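# Examining the three-dimensional arrangement
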Amino acid sequence: MTDIKKYKNILVFVEQREGKIQNVSLELISKAKELSEKNKQQVYTFIPGYKIDETHAKECFRYGADKCFITNDELLKNYTTETYTKVVTNFIDKFKPEAVLFGATTIGRDLAPRVSARIHTGLTADCTSLDIDIESGNLLMTRPAFGGNILATIICPNHRPQMSTVRPGVMTKTIVKETKTIKIEYLNSSLTKDDVNIEILETVKTQSEKKNIEDANILISGGRGLGKKENIELLNNLAIQIGGMLSGSRAIVDNGWIESNYQVGQTGKTVRPEVYFACGISGAIQHIAGMEESELIIAINKNPEAPIFEVSDLGIVGDLNQILPLLTEELKTLKLKKEA
Amino acid sequence: MKIIVCIKQVPDTTEVKIDSKTGTLIREGIPSIINPDDKAGIEAAIQLKEKYDAHITVLCMGPSQAETALKEAYAMGADRVILLSDRAFAGSDTWATSLTLSYAIKKLDYDLIICGRQAIDGDTAQVGPQIAEHLNLPQVSYVTDIEKIDSYLKVKKIFEDGYQIIKIKSPCLITVLKEMNNPRYMTINKIFNICNKQIIENWTINDIDMDANLTGLKASPTQVKKIQTKSVKASGKVHNVEPQEGVKLIIDKLQEKFII
């Protein structure tokens, strides 16, 4: 069994893609900062990659890092499971963090389980809330289970580090007020070519130009109640008028009405925009799990019994075919009035 | 090519409902299904078999009722189906589950292990990569396409913003997404076979030479501290009004919150 007293500080694995730090990592740094203030520890950030430098470290500090570690190696330029597992495992062996946080991205969810199995510790996936029990040092990791129907709080009492992944958009990134001296430590990589056990033949970006729905301030979301694919246009018109983005429930993704990148919910994205319009979405628990943290939820649905109304700040029972065009027109009129 | 597919039997979570009075899960009448990502894994293995000739073993860890899942896998086209079931395994978290499965896999021959990306009852996506680690195998997760080229596999791995085509050498482990295919139905002949002979091999901890201290609840690093049903956010008002009135309410709300 691990001597858990030897483990200190919270580590955030900082995920970068083509040198760009992913938002979820910054969100986690802010969360780690909040936790570390509770138990008087430090926030470590570790960025494995290639040509990573002070500018990356500064970004981590802006959101609450106390120390930034960087490993540069050409073999880390593109993510592969083994190379990243090796450097992260080495880091943990050397610096013994008490907790390690990863973004629950396709990279984090590939890497974290591999690391946890190698160092023999627990891992809790897709946490929606993290807290620390100061007395025991246990991280209280809460996550949805059974398709979002229940919340389970998981602990990892006898092994260290305690590891968890958190989905993008679940935590909020916050710029810290105080400016600190930036502490960077560059670590050597001990990787050799043999550590690369897969070969990436081709990398294709399918939506680099497009914005992610997690970053949108206003989402106009549609569900089965749209009735037909053509009605996406109603959402689109409203989105353009109000300056929002289009998203949808699993039902309309399965119908092929919108691409899966725009899906909100347990199997899609977790979003927390300022305004979330749920149009013709009945509100299956899996969907609600992905949007209930939105600041303002406005639901339009024919069925007065639709569960979506239970989480809405404003619910309108009615036909979206009538309401959406009217609303779009009304917004247009208001805008013209303002400009005049 | 020898393929092992790991599957889990899960409650169909899309059917799970909450008793609003007691706040507990209503489990009665919830059908058990093969986890969708895993079922896609079975289908992917069968398609590889049709193209390149392969032997498919489907492995399932779970209680005895998981036999149903294995029967279905067999009737879809698996050659061999094994149920890994023992009281000693009960309460395993992903670490202990993956270790247990890796002990079973060590008893089998394989070039390729296919796991579903994640199970719909837990959504952790951890067991696949953890099996790969316990067996010291290269892995690719989030796969939607598999092609065999000599001793290599060429697979398509999905990212949030695109995809990669990756070459990976056998033996290896991949995790697959349900979007990759439409699993076939069971064939009549195979269903007939299920009725007439014992097709499921039952393995216990003794069959995989595993120390009981390495599996189950006590070998699991993570523990469930608390379970709660989700508290529903206090809801706002629902208005059953004419469309014009509804639009006005929305506009007022947006103005009140300074959105417009």
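Residues numbered from 1 in each chain as written. Chains lettered and ligands numbered in written order. Predicted model: local features only at pLDDT ≥ 70, side-chain atom pairs only at ≥ 80, totals over all residues.

### A closer look at the overall build of chain B
Let me state the cut-off plainly: Helix and strand definitions here come from DSSP, where helices need a minimum of 4 consecutive H or I residues and strands a minimum of 2 consecutive E residues; each element is numbered from the N-terminal end. Partly exposed residues are those whose C-beta has more than 12 but fewer than 20 other C-beta atoms within 10 Å; with 20 or more the residue is buried, with 12 or fewer it is exposed, and the C-beta atoms are placed from the backbone. What counts as a contact is two residues whose backbone-derived C-beta atoms lie within 7 Å of each other.
The number of helices and strands found in chain B is six helices and 15 strands. Referenced to the eigenvectors of the C-alpha coordinate spread, the extents of chain B come out at roughly 65 × 40 × 40 Å. Here chain B holds 260 residues, and 46% of them are scored as buried. Restricting the contact set of chain B to residue pairs at least 6 apart, pairs at least 24 apart contribute 71%.

### Some points on the pairing of strand 18 (residues 314–317) of chain A
As a reminder of what qualifies: Any two strands are treated as partners once DSSP identifies two or more bridges connecting them.
Across four bridges, strand 17 (residues 296–301) of chain A lies against strand 18 of chain A in parallel orientation. Bridged to Asn301 of chain A within strand 18 of chain A is Val317 of chain A. When strand 18 of chain A meets strand 15 (residues 237–240) of chain B, the two strands line up parallel, connected through four bridges. Paired with Ile316 of chain A across the two strands is His239 of chain B, which belongs to strand 15 of chain B.

### Quick word on the environment of Leu108 of chain B
All names here are of chain B. Mapped onto the fold, Leu108 is located in the loop between helix 3 (94–106) and strand 8 (112–116). Taking the number of C-beta atoms within 10 Å as the measure of exposure, Leu108 has 13 and is therefore partly exposed. In this view, Leu108 contacts Ile4 and Thr57; residues no more than four positions away in its chain are not counted.

### What to know about the sheet that holds strand 15 (residues 245–248) of chain A
By way of backbone hydrogen bonds, the strands of a sheet pair with one another, either parallel or antiparallel. Selection criterion: Comment: axis = line fitted to C-alpha atoms, over the contacting stretch for helices; angle = value between 0 and 180 degrees taken between N-to-C directions.
Spatially, the six strands line up as an open sheet ordered 15(A)-14(A)-16(A)-17(A)-18(A)-15(B), and their pairing is parallel. Lying at the two open borders of the sheet, with one neighbouring strand each, are strand 15 of chain A together with strand 15 of chain B. In this sheet, adjacent strand axes meet at a mean angle of 20° when their direction is disregarded. Looking at chain direction, strand 14 (residues 218–222) of chain A and strand 15 of chain A are connected through four bridges and run parallel. Bridge pairing in strand 15 of chain A places Gly222 of chain A opposite Gly248 of chain A. Across the face of the sheet, helix 6 (residues 243–256) of chain B comes into contact with strand 17 and strand 18 of chain A together with strand 15 of chain B while running at roughly 165° to strand 18 of chain A.

### Quick word on the nonpolar core
To keep it simple, the criterion reads: Buried Ala, Val, Leu, Ile, Met, Phe, Trp, Tyr and Cys residues form a nonpolar core when they are connected through C-beta atoms within 7 Å.
Grouped together as the largest cluster of nonpolar side chains are 71 residues, with contacts concentrated most on Val5, Val58, Cys60, Leu70, Ala73, Ile113 and Ile114 of chain B. The element contributing the most residues to this core is helix 3 of chain B, with seven residues. Discounting chain neighbours no more than four positions away, the residues touching Val5 of chain B are Gly41, Ile42, Ala45, Ile56, Val58 and Ile114 of chain B. The next biggest cluster of nonpolar side chains, apart from the first, holds 56 residues, and it includes Phe61, Ala99, Leu111 and Met141 of chain A.

### Focus on the domain arrangement of chain A
For interface size, the figure often reported is the accessible area lost on association. All names here are of chain A. The test is simple: For the purposes of this description, domain bounds are those given by an automatic or database domain assignment. Classification used: nonpolar for Ala, Val, Leu, Ile, Met, Phe, Trp, Tyr, Cys and Pro, charged for Asp, Glu, Lys and Arg, polar for all others including Gly.
Partitioning chain A into domains gives domain 1 (4–195) and domain 2 (213–339). Centre-to-centre, using C-alpha coordinates, domain 1 lies 33 Å away from domain 2. Listed as interface residues are eight residues of domain 1 and, on the opposing side, nine residues of domain 2. Of the residues belonging to the side of domain 1 that touches domain 2, the class tally is three nonpolar, four polar and one charged.

### Considerations on the sheet that holds strand 12 (residues 172–176) of chain B
Here 10 strands make up an open sheet; going across it, the order is 13(A)-11(B)-10(B)-9(B)-12(B)-8(B)-1(B)-6(B)-7(B)-13(B) and the pairing mixed. Looking at the sheet topology across the chains shown, the edges are occupied by strand 13 (198–205) of chain A together with strand 13 (200–203) of chain B. Between one strand axis and the next, the sheet turns through 30° on average, direction left out of account. Set on the sheet, helix 1 (residues 36–52) of chain B makes contact with strand 1 (2–7), strand 6 (55–61), strand 8, strand 9 (139–149) and strand 12 of chain B; between it and strand 8 of chain B the angle comes to about 150°.

### So, the interface of chain A and chain B
Contacts between the two partners involve 68 residues from chain A and, on the opposite side, 65 residues from chain B. At eight residues, the largest contribution of residues to the side of chain A that touches chain B is made by strand 13 of chain A. Looking at the side of chain A that touches chain B residue by residue, the classes come out as 32 nonpolar, 21 polar and 15 charged.

### Quick look at the environment of Ala69 of chain B
All names here are of chain B. Within the secondary structure, Ala69 sits in helix 2 (residues 67–76). Owing to 25 C-beta atoms within 10 Å, Ala69 belongs among the buried residues under this scheme. Residues Ala69 and Ser32, spaced 37 residues apart in sequence, show a C-alpha to C-alpha distance of 8.3 Å. Residue contacts for Ala69: discarding those within four places in its chain leaves Ile7, Gln9, Ile34 and Cys60.

### Considering unusual backbone geometry
Across residues other than glycine, the phi torsion is negative in most instances, and most of the peptide bonds are trans. For the bond running from Arg160 of chain A to Pro161 of chain A, omega is -5°, close enough to zero to count as cis. Here Pro161 of chain A shows up in the loop between strand 10 (150–155) and strand 11 (162–166). The omega torsion of the bond from Ser170 of chain B to Pro171 of chain B falls at -5°, within 30 degrees of zero and hence cis. Position of Pro171 of chain B relative to the elements: it lies in the loop between strand 11 (162–169) and strand 12. Even without being a glycine, Asp126 of chain A presents a positive backbone phi close to 50°. Positionally, Asp126 of chain A belongs in strand 7 (residues 123–127). Residue classification places Asp126 of chain A among the buried positions, given that 22 C-beta atoms sit within 10 Å.

### Description of the packing of helix 3 of chain B against helix 4 (residues 127–134) of chain B
Residues and elements named next belong to chain B. Selection rule: An angle below 35 degrees is read as roughly parallel, one above 145 as roughly antiparallel, one from 65 to 115 as roughly perpendicular, and any other as oblique. By definition, turning the near helix anticlockwise from the far helix through less than a right angle yields a left-handed crossing, and turning it clockwise yields a right-handed one.
Contact geometry for helix 3 and helix 4: axes closest at 8 Å, N-to-C directions at 50°. In terms of axis orientation, helix 3 runs oblique to helix 4. Crossing angle aside, the handedness with which helix 3 passes helix 4 is right-handed. The segment helix 3 lies against helix 4, with Thr94, Trp95, Thr97, Ser98, Leu99, Leu101, Ser102 and Ile105 engaging Val127, Gln130, Ile131 and His134. Among the residues making up the contact of helix 3 with helix 4, the classes are represented as six nonpolar, six polar and no charged.

### Remarks on helix 4 of chain B
Helical geometry: 3.6 residues make up each α-helical turn, so side chains three or four residues apart lie on a common side. Within helix 4 of chain B, seven of the eight residues are buried, which leaves it mostly tucked inside the rest of the structure. Listing the buried residues of helix 4 of chain B in full gives Val127, Gly128, Pro129, Gln130, Ile131, Ala132 and Glu133 of chain B. Where helix 4 of chain B is buried, its residues meet helix 4 (108–119) of chain A together with helix 3, strand 8, strand 9 and strand 12 of chain B. With its phi angle positive at about 55°, Asn136 of chain B sits one or two positions after the end of helix 4 of chain B.

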